[in-house]
Amino acid sequence: MRKATVDDFKKIKTKIYKRDEVEKTYRFEEKGEVVTYVPGYFMGLIPVSPFAATYMGDAPTISYSSILCEKDGLIYQQREFGDIYELGDWDGSKPVNKIITCIDDIKKLRVLDPIADGKVTDEMRRRAKEVKQNYWIAGWIPSLDHLLNWPCGLSQLIEWITFEPALINAANEYLTKVALNFIRAYAQMEYDEISTTACFGSNSILSPKMFKDVTDEFHRTICSECHKYGMKVKLHQCGNSVGNWETIIDQGFDAFETVDPLGGCRLSDAKKVFDKKVVVFGNVSTDILAFGTPEEVKKETLRSLEEGMPGGGYVLGLGDITVSRVTPVENILTVVEVAEKYGRYS
């Protein structure tokens, strides 16, 4: 299997987050092209960096241990929430530094403030303004995934949710303070959208009630704050999210990714539930993408378009944000080619 090249990446990037098309999507208009978000992360397919993430159109992203480099006209970015933990490689080849072991560890954490910490520079503002002319630009804010799930492990997080709610409350209080600072920083750069994650909240892991109880105050606060600045808010959750959809609407999110077929989610059902209240991302199966033939990938992409396009408010994407390193480059390019040919409203 050949490695993806920069030229491959550029072909894919041309379909990602065009400003005029995204604006139509958020207005639920059935006009123009369907926005395509494939992929989020290449997970090692790009030889320069396993953390290549340019769906934001090369816009600057706030990060506390970010390594940015330019090669062949593309910006590559290694994003780690370094002041809290050192993530290491996403494929698990490096050990994770677990610095959160109890509630006192959370209370000792410094509240990150990108503006006060000098993370928002004049050059970043200039670059964001430049990119925004053609691209819809999106930033990220940390969640329980970044603080507890990924660095400490899912089983540990579930144990804390079940037996130590005070620790979870302290974590959410800390993350809320950090999130509000991040939002203000992105607002200074006039960003369009902020995304956060709740991977731990899949119904394969938590009940819908537990998901709501754990996330409700944090999610409502960040959605309200982003809306004050005119920014949209997107939630990422892979796996079985069906039982959480009504809560996601109620919490105030503007977009949801991903409607994961491997988690039992049907795109047609999601469209009915979200019903022009929330933009839906999805839902090409990452299993078919990784192990299917180009013809099978084409069929799967057409299915996603047929289920997602009616009524507008749809972004063609994957059933999960990541692309496995075993995925053939030809299959990724097949998704883009099918989108270019069939992802247009008449």
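All of the points below concern the structure found in this document. Just so it is clear, the structure is predicted and the values come from calculations on it, not from any experiment.

Before going further, it helps to spend a moment on the packing of aromatic side chains. What the rule picks out here adds up to four aromatic pairs. Ring centres 5.3 Å apart and planes at 20 degrees place the aromatic pair Tyr 26 and Trp 136 in the stacked group. A residue pair is termed long-range when its members are at least 10 positions apart, and Tyr 26 in helix α2 (residues 19-26) and Trp 136 in the loop between α4 (122-132) and β4 (138-140) qualify at 110 residues. Taking the relative accessible area as the measure of exposure, Tyr 26 reaches 12% and is therefore buried. Between Trp 245 and Phe 274, the ring centres sit 5.6 Å apart and the planes meet at 45 degrees, which makes this aromatic pair tilted. Of this pair, Trp 245 sits in helix α9 (residues 245-251) while Phe 274 sits in helix α10 (residues 267-274), and the two are 29 residues apart along the sequence.

Next up on the list: the pairing of strand β5 (residues 193-197). Burial of β5 is extensive: five of the five residues sit out of reach of the surface. Side chains Glu 193, Ser 195 and Thr 197 of β5 all project onto a buried face; the interleaved residues Ile 194 and Thr 196 project onto the opposite face, where all are buried too. Across three bridges, the pairing between β4 and β5 is parallel. Within β5, the position partnered with Gly 139 by the bridge is Ile 194. As defined by bridge partners, β5 adjoins strand β6 (residues 232-236) across five bridges and the pair is classed as parallel. Note on β6: the bridge partner recorded for Thr 196 is Leu 235. Running through helix α8 (residues 208-228), the crossover from β5 to the neighbouring parallel element β6 is right-handed.

Formed by 73 residues in total, the largest nonpolar core has its most connected members in Leu 148, Ile 168 and Phe 274. A total of 13 residues in this core trace back to one element, the largest contributor, which is helix α7 (residues 165-188). When near neighbours in sequence (up to four residues on either side) are disregarded, Leu 148 contacts Ile 100, Gly 153, Leu 157, Trp 160, Leu 167, Ile 168 and Ala 171.

Further remarks concern the pattern of salt bridges. Scanning the entire structure with this criterion turns up 16 salt bridges. Between Asp 275 and Lys 277 there is a salt bridge, with the nearest N and O atoms lying 3.9 Å from each other. Given the relative accessible area of 46%, Asp 275 is considered partly exposed.

Reading the values: the criteria
Residues numbered from 1 in each chain as written. Predicted model: local features only at pLDDT ≥ 70, side-chain atom pairs only at ≥ 80, totals over all residues. Heavy atoms only, no water. Phe/Tyr/Trp six-rings, centres within 6.5 Å; stacked < 30°, edge-to-face > 60°. Helix = DSSP H or I, 4+ residues; strand = E, 2+ residues; numbered from the N terminus. Buried < 20%, exposed > 50% of the residue type's maximum accessible area, 1.4 Å probe, protein only. Pairing = 2+ DSSP bridges. Right-handed = clockwise from strand over helix to strand, strands pointing away. Core = buried A, V, L, I, M, F, W, Y, C linked by side-chain atoms within 4.5 Å. Contact = heavy atoms within 4.5 Å. Salt bridge = Lys/Arg side-chain N within 4 Å of Asp/Glu carboxyl O.

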